[in-house]
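In case you want the letters, here they are:
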Amino acid sequence: MTTPLTIASGRRPDGATVVTVVGEIDLSNHDALGTAIEAADGPVVVDLTGVEYLDSAGLSVLFRHSERIEVVATALLAPVLGVSGLAELTTVHQAGPAG
């Protein structure tokens, strides 16, 4: 069973929009991520620390917006972002271990 996707937007003190994503990003729901990024003005930090699964459809959304996003990812997703080439197009921050 897949984990439902939850997306929330907020702002950092510096004014940058933060799009926080929790769950699984796949072909069935990747449009919601694209919509959330497109709705934000200015630079966007995409927080993927709550994402358990990211397929090529989700990656395509991140690639499409790579010029205006920064990504925060866990050690689980960071290699995928590197191998895919996304880390060469945008800044990818690896979140530290939980706890």
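Every chain begins its residue count from 1, and numbering advances along the sequence as written. Local features in this predicted model are restricted to residues of pLDDT 70 or higher, and side-chain atom pairs are both shown and tallied only at a pLDDT of 80 or more, whereas totals for entire chains, interfaces and linings draw on every residue. Water and hydrogen atoms were dropped before computing side-chain values, which therefore reflect all heavy atoms in the structure.

K.L.:
An account of the sheet that holds strand 3 (residues 44-54) is needed here, citing residue identities and associated values.
P.N.:
The sheet built from 5 strands is open, its strands ordered 1-2-3-4-5 with mixed pairing. The open sheet has two edge strands, strand 1 (6-11) and strand 5 (91-94), and neither has a second partner. Across the sheet, the mean angle from the axis of one strand to that of its neighbour is 20°, orientation sign disregarded. For this analysis, residues touch if any pair of their heavy atoms sits within 4.5 Å. Under this scheme, a helix contributes an axis fitted over its contacting stretch, all axes are lines through C-alpha atoms, and angles between N-to-C directions fall in the 0 to 180 degree range. Under the scheme used here, helices are H or I runs from DSSP no shorter than 4 residues and strands are E runs no shorter than 2 residues, and both carry numbers assigned from the N terminus. On the sheet, helix 2 (residues 56-64) packs against strand 2 (17-25), strand 3 and strand 4 (69-73) and is oriented at approximately 170° with respect to strand 3. When DSSP finds at least two bridges between two strands, those strands are taken to pair.

K.L.:
Got a sec to walk through the side chain of asparagine 29? Specific residues and values, please.
P.N.:
With respect to the secondary-structure elements, asparagine 29 resides in the loop between strand 2 and helix 1 (30-39). Distance and chemistry together define a polar contact, namely a pair of N or O atoms within 3.5 Å, with one atom able to donate a hydrogen and the other to accept it when in protein, and with adjacent residues in sequence counting only for side-chain atoms on both sides. Polar side-chain contacts of asparagine 29 include one of 2.9 Å to the backbone oxygen of glutamate 24. Reaching out from asparagine 29, the side chain makes a polar contact with the backbone nitrogen of aspartate 26 at a distance of 2.9 Å.

K.L.:
Can you break down the packing of helix 1 against helix 2 residue by residue, with the values?
P.N.:
Contact pair helix 1 / helix 2: the axes reach a minimum separation of 9 Å and the direction vectors enclose 15°. Put simply, helix 1 runs roughly parallel to helix 2. Relative to helix 2, helix 1 is oriented so that their crossing is right-handed. Contacts between helix 1 and helix 2 involve His30, Leu33, Gly34, Ile37 and Glu38 from the first element and Ala57, Gly58, Val61, Leu62 and Arg64 from the second. Here the term charged refers only to Asp, Glu, Lys and Arg, the term nonpolar to Ala, Val, Leu, Ile, Met, Phe, Trp, Tyr, Cys and Pro, and the term polar to all other amino acids, Gly among them. Its residues assigned to classes, the contact of helix 1 with helix 2 shows 5 nonpolar, 3 polar and 2 charged. Relative orientations are named as follows: roughly parallel for angles under 35 degrees, roughly antiparallel for angles over 145 degrees, roughly perpendicular for angles from 65 to 115 degrees, and oblique for any other angle. It is the rotation of the near helix from the far one that decides the hand of a crossing: anticlockwise by less than a right angle makes it left-handed, clockwise makes it right-handed.

This is a description of form; function is not addressed.
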